[in-house]
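Single-letter residue listing:
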Amino acid sequence: MVDEREDGGVDELQDRLEAVALTESNAVSAPSVSAGASTACAEQIDCAICLLPCTLPLSLPCGHTFCYLCAKGIAFRSRRCALCREAIPDEVIAKPHIERSQLEPASLTRGNAADVSRRSETADSSEPDAVWYYEGHNGWWQYEPRTNREIEQAYSADQKSCEVLIAGFVYAIDLENMCQARRSQNTRRRRICRNLSPSAVRKGVAGVPYENRVKAEEEAKP
């Protein structure tokens, strides 16, 4: 059974995401960075969707920057920027350009420093040593740092399950049977794993292939 505290927090965040998508026409301007902006600049920006510091920050063609998974959720719903309503090309989500430093192991395990600092004001800010993955086709995807932290906290508290918000959808994480399923589509389940063996195939992070680290850098060269 899902912990009520987790469920309430996820429902609140999902409502916020849906509200942004439904009220795009009334949105106001917000800070933005260009596609070539530095990671340091991106880390100073709060995502206008989840209202937390951007995790895996993605700059859209219009210049607005969101968490990659938040941008993906908005793209699924309306295919338009949540702030200016400019169309989001499919390739921006399918082949995202994420800063190399954001996909490095050290960054992925510690998460966004500003995010950790923000959360430490109201909760235990200790960072988990464990890394969580979900199964994909011919390999495993690592959860992004914020989701990883939420799952590890539930696991450390001996909870049997928890819920997390991923790209605008609520996923039930079954910590007894080690699998995940979308709450609205619980017949499709994926295995999850805590700390993969060294021989396991790691594909990337939250749908962003590790190979994007190289491709993004090569395209940025003059």
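Everything quoted here is computed from the prediction, not taken from an experiment.

So, on to the pairing of strand β4 (residues 139–142). The alternating pattern of β4 places G139 and W141 on one face and W140 and Q142 on the opposite face, and all of these are buried. Examined bridge by bridge, β4 and strand β9 (residues 202–205) share 3 bridges and lie parallel to one another. Bridged to W141 within β9 is G204.

Take unusual backbone geometry next. Even without a glycine there, the phi angle at A167 is positive, about 55°. By the secondary structure assignment, A167 is in the loop between β5 (161–166) and β6 (169–174). Since its relative accessible area comes to 8%, A167 is described here as buried. A positive phi angle, close to 60°, is found at N195, a residue other than glycine. Of note, N195 is situated in the loop between β8 (185–194) and β9. For N195, a relative accessible area of 39% gives the class partly exposed.

So, on to the pattern of salt bridges. Taken as a whole and judged by the stated rule, the model has 4 salt bridges. Across the pair R194 and E152 runs a salt bridge whose closest N-O atoms are separated by 2.8 Å. Placement of the pair is R194 in strand β8 and E152 in helix α7 (residues 145–156), with a sequence separation of 42 residues. Taking relative accessible area as the criterion, R194 reaches 29% and is therefore assigned partly exposed. As a salt-bridge pair, R183 and E163 come within 3.0 Å of each other at their nearest N and O atoms. Remark: E163 occurs in strand β5 and R183 occurs in the loop between β7 (179–182) and β8; sequence separation between them is 20 residues. For R183, a relative accessible area of 36% puts it in the partly exposed group.

So, how was this worked out
Residues numbered from 1 in each chain as written. Predicted model: local features only at pLDDT ≥ 70, side-chain atom pairs only at ≥ 80, totals over all residues. Heavy atoms only, no water. Buried < 20%, exposed > 50% of the residue type's maximum accessible area, 1.4 Å probe, protein only. Helix = DSSP H or I, 4+ residues; strand = E, 2+ residues; numbered from the N terminus. Pairing = 2+ DSSP bridges. Salt bridge = Lys/Arg side-chain N within 4 Å of Asp/Glu carboxyl O.

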